[in-house]
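Residues per chain are reported as follows:
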Amino acid sequence: MYLPLTAPPKSHLNASPVVELRQYTLKPGKRDTLIGIFDTHLVEGQENAGMTIIGQFRDLDRPDMFVWMRGFDGMEARRNALTAFYDGPVWAAYSNAANETMIDSDNVLQLKPAWPGAGFDLSGSQRAVLPPSGHEDVGQEKTSTDNRLRGLVVLTIHHLPPGTETEFAENFQIGAVPVLTALGARVRAAFITEHAENSFPRLPVRLGESVFVSVTGFDSAEAHARHEAALAASPAWQAFQQAAQSGIAEPTETLRLSATSQSLLR
């Protein structure tokens, strides 16, 4: 059982104009170790450096993947915040332990809201106060009851031909969002690639790719499965899918994510 919830600092409630989507491949069995380090020490340290830790997740379909997002007020603010954190005392203290859990941390997309207002609204989001052990009870995160309580965040990554992100985003906003919403999804945000030069080259990002990323929320994995069945039976959704398919460069990725206790997005 967790203690009462605490609200994030007011400065972190606004949508971030630059967002990193980070997917880490971890050593087998090390995900809970990294989450313990991350939630206990690295969230606060990064936010004190000037960024927003939007969400961190267990990938339900890939047991050795840790997925997280952080936001910045702009590209210059990104450089300043990352410099402050990675040259600062928190990362110096915990970097070895965190890096020891990882195989690869370079799968990073640099994103921006797909249209005005498409970024995250975190104004109602809260983090649970960690229990006395210093991190959440990692022995329960895989149970169906826990997943129902925490809900499900679904990221869909569409890989597009260069220069077509804006057009795809417009079609998605008009043709897909109303259908998704009508069939029970909570459309939380939508993003396209931010092609600005990486302002912190010490950390690589996948700048050469053009993507559209949608973020939806559901009460449970079961609710998401019902939603997918409803989409499959929807003529409006099939029409959107058929029109959009001609603009897809690579297979679409779908990430089913369960938030950790310290994730603002859930």
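Note that residues are indexed from 1 along each chain, following the sequence as it is written. Per-residue local features of the predicted model are confined to residues with pLDDT of at least 70, and side-chain atom pairs are confined, for both listing and counting, to 80 or more; whole-chain, interface and lining totals are unaffected and use all residues. By convention in this description, side-chain values take in all heavy atoms of the structure and omit both hydrogens and water.

Peer 1: Mind laying out the overall build of the chain, listing which residues take part and the relevant values?
Peer 2: The numbering of helices and of strands both runs from the N terminus, where a helix is a DSSP run of H or I of at least 4 residues and a strand a run of E of at least 2. Helix and strand counts for the chain come out as 7 helices and 10 strands. Three exposure classes are used, based on accessible area relative to the maximum for each residue type with a 1.4 Å probe and protein chains only: buried under 20%, partly exposed in between, and exposed over 50%. Relative to its full complement of 266 residues, the chain shows a buried share of 50%. To measure how exposed things are, a 1.4 Å probe is used in the Shrake-Rupley method; for residues, cover is taken only from the protein chains shown. Total accessible area computed for the chain in this model is approximately 12,100 Å², and 54% of it derives from carbon and sulfur atoms.

Peer 1: I'd like a rundown of the packing of helix α1 (residues 31-48) against helix α3 (residues 89-99), residues and numbers included.
Peer 2: Between α1 and α3, whose axes approach to 11 Å, the crossing angle comes to 165°. Considering the angle they form, α1 stands roughly antiparallel to α3. When you trace α1 past α3, the crossing you get is left-handed. Counted together, Leu34, Ile37, His41, Leu42 and Gly45 of α1 and Val90, Trp91, Tyr94, Ala97 and Ala98 of α3 form the full contact between these two elements. For the contact of α1 with α3, the class distribution of residues is 8 nonpolar, 2 polar and no charged. Angles here are taken between N-to-C directions and fall from 0 to 180 degrees, while the axes themselves are lines fitted to C-alpha atoms, restricted in helices to the stretch in contact. Orientation labels follow simple angle bins: below 35 degrees gives roughly parallel, above 145 gives roughly antiparallel, 65 to 115 gives roughly perpendicular, and whatever is left gives oblique. In a left-handed crossing the near helix is turned counterclockwise from the far helix by less than a right angle, and in a right-handed crossing that turn is clockwise. The criterion used for residue contact is that any of the two residues' heavy atoms lie within 4.5 Å. Residue type decides the class: Asp, Glu, Lys and Arg count as charged, Ala, Val, Leu, Ile, Met, Phe, Trp, Tyr, Cys and Pro as nonpolar, and the leftover types, Gly among them, as polar.

Peer 1: I'd love a proper account of the packing of helix α5 (residues 165-182) against helix α7 (residues 235-245), names of residues and values included.
Peer 2: Closest axis-to-axis distance for the α5/α7 pair is 9 Å, and the angle between their directions is 160°. Classified by the angle between their axes, α5 and α7 sit roughly antiparallel to one another. The handedness of the crossing between α5 and α7 comes out as left-handed. On the side of α5, the interface is formed by Phe168, Asn171, Phe172, Gly175, Ala176, Val179 and Leu180, while α7 contributes Ala236, Trp237, Phe240 and Ala244. Residue composition of the contact of α5 with α7, grouped by class: 9 nonpolar, 2 polar and no charged.

Peer 1: Tell me about the pattern of salt bridges, and please be specific about residues and values.
Peer 2: One side-chain nitrogen of Lys or Arg within 4 Å of one carboxyl oxygen of Asp or Glu is enough to make a salt bridge. Summed over the entire model, instances satisfying the criterion amount to 12 salt bridges. A salt bridge links Arg202 to Asp87; the nearest nitrogen and oxygen atoms lie 3.0 Å apart. Of this pair, Arg202 sits in the loop between β8 (186-193) and β9 (210-218) while Asp87 sits in the loop between α2 (75-86) and α3, and the two are 115 residues apart along the sequence. Judged by its relative accessible area of 53%, Asp87 is exposed.

Peer 1: Mind laying out the sheet that holds strand β2 (residues 18-26), listing which residues take part and the relevant values?
Peer 2: Taken in spatial order, the 8 strands of this closed barrel run β2-β4-β3-β10-β7-β9-β8-β5, and their pairing is antiparallel. For this sheet, the mean inter-axis angle between neighbouring strands, taken without regard to orientation, is 35°. Strand pairing is defined by DSSP finding a minimum of two bridges between the two strands. Alignment of β8 against β9, held across 6 bridges, turns out to be antiparallel. Considered in β9, the bridge of Ala190 is made with Ser214. Against the sheet, α5 makes contact with β7 (152-160), β8 and β9, and its axis sits at roughly 170° relative to β8, the strand it touches most.

Peer 1: A description of the environment of Val108 should follow, citing residues and the corresponding values.
Peer 2: Residue position: Val108 is located in strand β5 (residues 102-113). Measuring from C-alpha to C-alpha, the distance between Val108 and Leu21 comes to 5.6 Å, with 87 residues separating the pair along the chain. Setting aside chain neighbours within four positions, we find Val108 in contact with Glu20, Leu21, Arg22, Pro204, Val205 and Arg206.

Peer 1: Residue-level account of the confidence of the model for the chain, with values.
Peer 2: On average, residues of the chain carry a pLDDT of 89, and 87% of them reach 70 or more. Each residue gets a pLDDT score, which is the predictor's confidence in that residue and runs from 0 to 100. Across residues 1-13 the pLDDT falls below 50, and counting only partners more than four positions away or on other chains, this stretch makes 29 contacts in the model. Across residues 137-149, confidence stays below pLDDT 50; counting only partners more than four residues off in sequence or on other chains, it has 18 contacts.

Peer 1: Give me the packing of aromatic side chains: which residues, what numbers.
Peer 2: In summary, the pairing rule links any two rings of Phe, Tyr or Trp, Trp by its six-membered ring, whose centres are within 6.5 Å, and it sorts them by plane angle into stacked for under 30 degrees, edge-to-face for over 60 and tilted for everything else. Using the criterion set out here, one finds 14 aromatic pairs in the structure. Taken together, a centroid distance of 5.8 Å and an interplanar angle of 75° make the contact between Phe172 and Phe240 edge-to-face. With Phe172 in helix α5 and Phe240 in helix α7, the pair connects residues that are 68 residues apart, well separated along the chain. Through a chain of ring-to-ring contacts, three or more aromatic side chains come together here, namely Phe168, Phe172, Phe212, Trp237 and Phe240. Two thresholds decide whether a charge sits over a ring: the Lys NZ or Arg CZ must be within 6 Å of the ring centre and within 35 degrees of the ring normal. Positioned over the ring face of Phe72 is Arg78, at 6.0 Å from the centre of the ring.

Peer 1: How would you sum up the environment of Phe85? Please name residues and give values.
Peer 2: Of note, Phe85 is situated in helix α2. Judged by relative accessible area, which is 4%, Phe85 ranks as buried. Along the primary structure Phe85 and Gly50 are separated by 35 residues, whereas in three dimensions their C-alpha atoms are 8.6 Å apart.

Peer 1: Tell me about the pairing of β5, and please be specific about residues and values.
Peer 2: Both β2 and β5 contribute to a ladder of 7 bridges, which runs antiparallel. Looking at β5, one finds that Thr25 is bridged to Asp104. Where β5 meets β8, 3 bridges bridge the pair, whose relative direction is antiparallel. Within β8, the residue paired with Lys112 across the bridge is Ile192.

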